[in-house]
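Chain residues, written in single-letter form:
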Amino acid sequence: MKNSDENAGSTARPKRADAQRNKEALLDAAAAIFVTSGVEAPVRDIAAKAGVGTATIYRHFPTRADLIIAVYRHQVEACAEAGPALLASGATPYAALERWIGLFVDFLVTKHGLAAVLQPDNPGFDTLHAYFIDRLVPVCGRLLDAAADAGEIRSGIQAYELMRGIGNLCIGAGGDPRYDARRLVELLVAGLGNADGVVNPHG
């Protein structure tokens with residue numbers, strides 16, 4: 001028979017798991033609202049989408065900056081974890097790379113909202129930027145290497161350089177209806193194979 005301490009421990013673990021799932025659902029809801037309504041969207045809208053009360057959000061994230069930074073880190077992790085999963089399940093390494101870059105572009109839309117609450121001279125900005133680089137550049141690099149090894153793209157493409165280029169294409173994506181950043185990113189990705197006789201599989 002389990003003693004009271006063991007019972008307490010087994011009860012605490014599911015509660016912690018539930019709390020983590022609820023927090024992730026909240027962050028997913030906040031990310032979706034930020035994309036459609038901006039980072040200054042009312043907290044009540046985020047709470048309604050997440051199916052929680054506003055007090056729950058403030059309990060986890062006392063300030064809007066806390067919430068935005070948490071969304072940023074949450075999406076970095078989701079993007080990082082998606083790379084290996086797509087590579088394992090994709091029809092080809094190039095298809096996995098293409099889908100991952102689509103997720104990366106989705107992430108950048110939310111990332112740009114950080115400027116509203118976190119300036120480059122804030123120490124937290126450097127910490128987040130380093131976190132972003134450390135987590136995502138290696139993932140992109142593995143996808144590029146796999147596609148190059150499969151003969152689908154040219155070799156020698158640097159992950160940081162590609163991601164920086166995509167980021168530049170996405171700047172101001174929502175500010176001009178005549179500018180389609182996603183289409184330009186698609187053209188960039190399609191062009192990765194147009195050299196040395198290599199043709200990408202969707203060309």
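Residues numbered from 1 in each chain as written. Predicted model: local features only at pLDDT ≥ 70, side-chain atom pairs only at ≥ 80, totals over all residues. Heavy atoms only, no water.

1. Structural notes on the side chain of His 74
What counts here: Only DSSP runs of H or I with at least four residues qualify as helices, and only runs of E with at least two residues qualify as strands; both kinds are numbered from the N terminus onward. In this description, contact between two residues means that some pair of their heavy atoms is separated by no more than 4.5 Å.
Its place among the elements puts His 74 in helix 4 (residues 64-89). Excluding residues within four positions of it along the chain, His 74 makes contact with Glu 24, Leu 27 and Asp 28.

2. Re the packing of helix 7 (residues 159-170) against helix 8 (residues 181-190)
The following threshold applies: Each axis is a line fitted through C-alpha atoms, and for a helix only the stretch in contact is used; angles between axes span 0 to 180 degrees, taken between their N-to-C directions. Orientation categories follow fixed angle ranges, with anything under 35 degrees roughly parallel, anything over 145 roughly antiparallel, 65 to 115 roughly perpendicular, and all other angles oblique. Two helices crossing with the near one rotated counterclockwise from the far one by less than a right angle form a left-handed crossing, whereas a clockwise rotation gives a right-handed crossing. Charged residues are taken to be Asp, Glu, Lys and Arg, nonpolar residues to be Ala, Val, Leu, Ile, Met, Phe, Trp, Tyr, Cys and Pro, and polar residues to be all remaining types, Gly included.
Here helix 7 crosses helix 8 at 155 degrees, and the two axes come no closer than 9 Å. The pairing of helix 7 with helix 8 is recorded here as roughly antiparallel in orientation. With respect to the hand of their crossing, helix 7 and helix 8 are arranged in right-handed fashion. Taking contact as the criterion, the partners of Leu 162, Ile 166, Leu 169 and Cys 170 in helix 7 are, on helix 8, Ala 181, Leu 184, Val 185 and Leu 188. In terms of residue class, the contact of helix 7 with helix 8 is built from eight nonpolar, no polar and no charged.

3. Side note on the confidence of the model for the chain
Applied cut-off: pLDDT measures the predictor's confidence residue by residue and takes values from 0 up to 100.
Considering every residue of the chain, the mean pLDDT works out to 83; 78% of them sit at 70 or more. Within the chain, helix 1 (residues 4-37) has the poorest average pLDDT of any element, 74, and helix 2 (residues 43-50) the best, 93.

4. Concerning helix 7
Cut-off, in case you're wondering: By this rule, a helix spans an expected 1.5 Å times one less than how many residues it contains. Only protein chains enter the calculation, and the probe is 1.4 Å; a residue is then buried if its accessible area is under 20% of its type maximum, exposed if over 50%, and partly exposed in between. Each C-beta atom gives one direction from the helix axis, and the arc is the one those directions make.
Between its first and last C-alpha, helix 7 extends 17 Å over 12 residues, near the 16 Å set by a 1.5 Å rise per residue. Buried within helix 7 we find Ala 159, Leu 162, Met 163, Ile 166, Gly 167 and Cys 170. Here the buried residues of helix 7 occupy an arc of 135 degrees about the axis, which is enough to place them on one side.

5. Regarding the environment of Phe 107
Mapped onto the elements of the fold, Phe 107 is located in helix 5 (residues 93-111). Its relative accessible area of 3% is what places Phe 107 among the buried residues. Residues Phe 107 and Cys 79 lie 28 residues apart in sequence; the distance between their C-alpha atoms is 7.7 Å.

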